[in-house]
Amino acid sequence: GNLLWSPSRQSTLFSASYYGSLMTMLLSGPMADKFGPKRILAGAIYILALLTLAAPSLARFDYWAFFGSRVVMGMAEGFVQPSANALAVRWFVPNEKSTMSALYTSGIQIAAGSSNLIGSWLCGVDWMGGWPLIFYFFGRNHISALVGGCWLIIWLVYVTDHPSQHKFVDEKERIYLEQHVVRRNTVHACLLCNFALSFLVSINQNFLPLYLKEELRLPLSLNGLFTLLPFLTQLISKNINLPLSKMSQELQAMWPLFPLKFVCFAASFGSCLSILGLALLPSCHRPWIAAVLMVCYGIVFSGGTCGFLTSLLSIAPAYTGTLFSISMACGQLSSVLATYTVAAVTYFGWPHKWMIIFSIGAVIQLFSGAFFIFFGSGK
């Protein structure tokens, strides 16, 4: 391309938003718990949209200007997930936590998968240099929704921080929610699971296209399609699991922690095997094996939503924002570690680069699942 940035500078850019998130992560959750997540979340999304639009101009102007914008975006991102979780937990009763977490986090897979697919196509467009179109396309869509008022009006009118503040909720539903959204320690197991999950998420979102290019020699058109697969299968599988989580109620009555722990360990163990397979089996002559393994990875990885995430949403609902601030801080540290792991292996020129990177992620994932089996809880 026309931005002559070294691999080390590129890795630093990948970690810039994580630095920003670390600055606000521990502050954002307590703020959401104390002042309400509704307006905090709207403001954070607005900042993200503006800086996405400005990204190509800042990148052409100066590397450090672009780096600074990524840090600020990370600071805004630090408010998003704790605020979203603090809001969601106030509207769902305990036995619906798994259903809730699967449904409202589906946007992550939709966004991550579709943006890679659309981005790979936009990179091949000659108009305006190709890659800037990615930032203009997604930034403009967010800005038009916010400034045009469509999303913002719906958000401000129909979304409230608590059922008691909502003008349009049926009185019976409001009373039911207020009575059953209870305020009720398993934190360390959840933190470790989020650390492990974030390591693999960072590798897949930031470096999976590079792996497909370097290791499997995939063309740009297929690269975007392959990158979509794990996110698409995560989206489908975790929402298919919703009726299964309801069917587990009888089993949960006999052994309350079994479904939660089993699902979390199965997700960790399955993810470990899938990532190790991705490191060992595919080649440029057999790229289809990578597609199969990424589908398998997406199916099993989604179990984390019904496992440790449900646990984190259940153990202290009144302080969900604060707990997610701490959890996401661990996740952001893991994401920074993942980017520098890739940078270090690349810098030292070690052979079997991707085998080393994926193996590290697999071991971390397996250890976190075993730890949750012994120390995790949903109460």
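A few points on the structure. Starting afresh in each chain, residues are numbered from 1 along the sequence in its written order. This being a predicted model, a pLDDT of at least 70 is required before a residue's local features are given, and a value of 80 or more before pairs of side-chain atoms are given or counted; all residues contribute to the totals for chains, interfaces and linings. Computation of side-chain values: all heavy atoms of the structure, hydrogens and water removed.

**Some remarks on the overall build of the protein**
Our working rule: Strands here are runs of E lasting at least two residues and helices are runs of H or I lasting at least four, both read from the DSSP assignment and numbered beginning at the N terminus. Throughout this description, buried means an accessible area under 20% of the type-specific maximum (1.4 Å probe, protein chains only), exposed means over 50%, and partly exposed covers the range between. The Shrake-Rupley method, run with a 1.4 Å probe sphere, supplies the accessible areas, and residue values consider only the shown protein chains as cover.
Helix and strand counts for the protein stand at 16 helices and 0 strands. Sorting the 379 residues of the protein into buried and exposed places 51% on the buried side. Roughly 18100 Å² of accessible area belongs to the protein as shown, and the carbon and sulfur atoms make up 70% of that amount.

**Some points on the packing of helix α9 (residues 187-214) against helix α16 (residues 353-375)**
Under the convention used in this document: Note on geometry: axes are lines fitted to C-alpha atoms, helical ones only across the stretch in contact, with angles between N-to-C directions running from 0 to 180 degrees. For classification purposes, angles smaller than 35 degrees are called roughly parallel, those larger than 145 roughly antiparallel, those between 65 and 115 roughly perpendicular, and all remaining angles oblique. Here a crossing is called left-handed whenever its near helix is offset anticlockwise from the far helix by less than a right angle, and right-handed whenever the offset is clockwise. Each residue is assigned to one of three groups, with Ala, Val, Leu, Ile, Met, Phe, Trp, Tyr, Cys and Pro labelled nonpolar, Asp, Glu, Lys and Arg labelled charged, and all others, Gly among them, labelled polar.
Between α9 and α16, the shortest axis-to-axis distance is 9 Å and the interhelical angle comes to 160°. The angle between the axes of α9 and α16 places the two elements in the roughly antiparallel class. The chirality of how α9 crosses α16 is left-handed. Among the residues making up the contact of α9 with α16, the classes are represented as 22 nonpolar, 4 polar and 2 charged.

**Let's talk about the nonpolar core**
What counts, and what does not: To qualify as a nonpolar core, a set must consist of buried Ala, Val, Leu, Ile, Met, Phe, Trp, Tyr and Cys residues joined through side-chain atoms within 4.5 Å. Any pair of residues with heavy atoms lying within 4.5 Å of one another is described as a contacting pair.
Ile203, Tyr211, Leu212, Leu278, Met294 and Phe358 are the most contacted members of the largest nonpolar core, which has 49 residues in total. Those elements that provide at least two residues to this core are α9, α10 (220-247), α12 (258-280), α13 (287-301), α14 (303-314), α15 (320-348) and α16. Top element by residues in this core is α9. It accounts for 14 residues. Beyond its immediate chain neighbours, meaning those up to four positions away, isoleucine 203 contacts Leu208, Ala338, Val342, Ile357 and Phe358. Leu41, Ala84, Leu87 and Val93 belong to the second-largest nonpolar core, a separate cluster that totals 10 residues.

**A word on the packing of aromatic side chains**
We count it as follows: Here is the rule: rings of Phe, Tyr and Trp (six-membered ring for Trp) pair when centre to centre is within 6.5 Å. Planes less than 30 degrees apart are stacked, more than 60 are edge-to-face, and the remainder are tilted. By the criterion adopted, a ring carries a charge over it if an Arg CZ or a Lys NZ lies within 6 Å of its centre and within 35 degrees of its normal.
Evaluated as defined, the whole model comprises 14 aromatic pairs. Each member of the aromatic cluster is reached from another via a ring pair, and the members are Trp5, Tyr63, Trp64, Phe66, Phe67, Trp131 and Phe135. The cationic tip of arginine 9 hangs over the ring face of tyrosine 63; the distance from NZ or CZ to the ring centre is 4.2 Å. If you follow lysine 34 out to its NZ or CZ, it ends over the ring of phenylalanine 35, 5.9 Å from the centre.

**Observations concerning the environment of isoleucine 275**
Mapped onto the secondary structure, isoleucine 275 falls in helix α12. Assessed through its relative accessible area of 2%, isoleucine 275 is described here as buried. Along the sequence, isoleucine 275 and valine 363 sit 88 residues apart, while their C-alpha atoms lie 9.7 Å from each other. Apart from residues lying up to four places away in sequence, isoleucine 275 is in contact with Leu200, Tyr297, Phe358 and Ala362.

**Examining the environment of cysteine 193**
Counting through the fold element by element, cysteine 193 comes out in helix α9. Using a relative accessible area of 4% as the deciding quantity, one classes cysteine 193 as buried. When the C-alpha positions of cysteine 193 and alanine 370 are compared, they lie 9.7 Å apart, and in sequence the two are 177 residues distant. Contact partners of cysteine 193, with chain neighbours within four places excluded, come to Cys264, Phe308, Ser368 and Phe372.

**Thoughts on the side chain of asparagine 206**
Quick reminder of the rule: For this analysis, a polar contact is any N or O atom pair within 3.5 Å, provided that within protein one partner can donate a hydrogen and the other can accept it, and provided that sequence-adjacent residues contribute only side-chain to side-chain pairs.
Structurally, asparagine 206 can be placed in helix α9. Look at asparagine 206 and you get buried, because its relative accessible area is 17%. A polar side-chain atom of asparagine 206 sits 3.1 Å from a polar atom in the side chain of tyrosine 18. Among all residues touching asparagine 206, those that are not within four sequence positions of it are Phe14, Tyr18 and Thr339.

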